[in-house]
Amino acid sequence: MICIKVFPENTVLFLNINKILMQRILSVLLFLFLVNISGAFAQKFLVLDKYGKKRIKLSVGDEIYFKQKENKSLYHDYIRGFGDSTITIASRDIEMQMDEFDAFYFKNHAAIYASTGTAFIGGGFLFASLVHPLVSNPFYNQQESLVIGATFIGTSLIFKALKWKKFKVNKNARVRVLDTTFR
């Protein structure tokens, strides 16, 4: 039974809930919590282990770049699901065995940002070298600006070559599906 008392001088609302009703509400909430928490621990991950390095874990929905052993083309797709020792690829809807993978690739964001930044700076120096004859009283030398711009563009190309981190599957690295089901 719920009792509501309103006091006119303070206009405060008090609720007095029976002990039995409170126990029923708490037991229903506890049951719903336990049902939902069991699904939170039932997950599978693709684990890339390289001995002496940090472990890489990929879950359902993560994008992957990979090469197969017989086919050297670089594929880009998303993980749709896991089997015992298989991965289901989303767009092709095929299951691939773990021994079919030759290498995994991950984007190196630091190299991408460095490549973009140095290309932007180099482009600025090259532009300054180009417009040098149009400036009436320049404070810089045209050849120096050209050399600096070319150096930044060259550095940008070096950073662009480091765009990918490669995880090669061999005897010192393994790929497996890790099941973290709570029992």
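Throughout what follows, the structure given in this document is the object of discussion. (Residues numbered from 1 in each chain as written. Predicted model: local features only at pLDDT ≥ 70, side-chain atom pairs only at ≥ 80, totals over all residues. Heavy atoms only, no water.)

## Focus: the sheet that holds strand S10 (residues 164–168)
Part 1 of the reasoning: Strand order in the open sheet made by the six strands is S8-S7-S6-S5-S9-S10, with antiparallel pairing throughout. Every interior strand has two partners, whereas the edge strands, strand S8 (94–97) and S10, have only one. Strand after strand, the sheet turns through a mean of 45 degrees between neighbouring axes, direction not considered.
Part 2 of the reasoning: The pairing of strand S5 (residues 63–68) with strand S9 (residues 101–107) spans four bridges and is antiparallel. Paired with Lys67 across the bridge in S9 is Ala103. (Pairing = 2+ DSSP bridges. Helix = DSSP H or I, 4+ residues; strand = E, 2+ residues; numbered from the N terminus. Axes fitted to C-alpha atoms, helices over the stretch in contact; angles between N-to-C directions.)

## Comments concerning the pattern of salt bridges
Part 1 of the reasoning: On inspection of all chains with the given rule, the structure shows seven salt bridges.
Part 2 of the reasoning: One salt bridge in this structure joins Arg174 and Asp49, with 3.4 Å as the shortest N-O distance. Pair noted here: Arg174 is in strand S11 (residues 173–179) and Asp49 is in strand S3 (residues 44–50), with a separation of 125 residues, a long-range link.
Part 3 of the reasoning: Among the residues examined, Arg174 registers a relative accessible area of 34% and is labelled partly exposed.
Part 4 of the reasoning: Residue class for Asp49 comes out buried when judged on its relative accessible area of 7%.
Part 5 of the reasoning: Here Asp93 ties to Arg80 by a salt bridge, and the two come within 2.7 Å at their closest N and O atoms. Taken as a pair, Asp93 in the loop between strand S7 (86–89) and S8 and Arg80 in strand S6 (residues 75–82) lie far apart in primary sequence, 13 residues in all.
Part 6 of the reasoning: Residue classification places Arg80 among the partly exposed positions, given a relative accessible area of 48%.
Part 7 of the reasoning: Salt bridges sharing partners connect three or more residues here, namely Asp49, Arg55, Arg174 and Arg176. (Salt bridge = Lys/Arg side-chain N within 4 Å of Asp/Glu carboxyl O. Buried < 20%, exposed > 50% of the residue type's maximum accessible area, 1.4 Å probe, protein only.)

## Description of the sheet that holds S3
Strand-to-strand pairing in sheets goes through backbone hydrogen bonds, with the strands running parallel or antiparallel.
Part 1 of the reasoning: The strand order across the open sheet built from three strands is S4-S3-S11, with neighbouring strands paired in antiparallel fashion. At either end of the open sheet lies a strand with only one pairing partner, and these are strand S4 (56–58) and S11. Between one strand and the next, the sheet's axes are offset by a mean angle of 25 degrees, whatever the strand orientation.
Part 2 of the reasoning: Bridge analysis of S3 against S4 gives three bridges, and the strand direction is antiparallel. Along S4, the bridge assignment pairs Leu46 with Leu58.

## With respect to the pairing of S6
Part 1 of the reasoning: Two strands pair when backbone bridges link them, and S5 and S6 are joined in this way by four bridges, in the antiparallel orientation. Pairing of Ile64 across the sheet is with Asp77, part of S6.
Part 2 of the reasoning: Hairpin connection between S5 and S6: a loop of six residues separates the two successive antiparallel strands.
Part 3 of the reasoning: As judged from the three bridges shared by S6 and S7, these two strands associate in the antiparallel manner. In the strand pairing of S7, Phe82 is matched with Ile87.

## Some points on the packing of aromatic side chains
Part 1 of the reasoning: A full pass over the atoms with the stated rule returns six aromatic pairs.
Part 2 of the reasoning: Between Tyr65 and Trp164, the ring centres sit 4.8 Å apart and the planes meet at 65 degrees, which makes this aromatic pair edge-to-face. Linking Tyr65 in strand S5 with Trp164 in strand S10, this pair joins segments that are 99 residues apart in sequence.
Part 3 of the reasoning: Three or more aromatic residues link up through ring pairs in this structure, and these residues are Phe66, Tyr75, Phe101 and Phe104.
Part 4 of the reasoning: For the cation-ring pair, Lys57 lies above Phe45, with the distance from its terminal atom to the ring centre recorded as 5.2 Å. (Phe/Tyr/Trp six-rings, centres within 6.5 Å; stacked < 30°, edge-to-face > 60°. Lys NZ or Arg CZ within 6 Å of the ring centre and 35° of its normal.)

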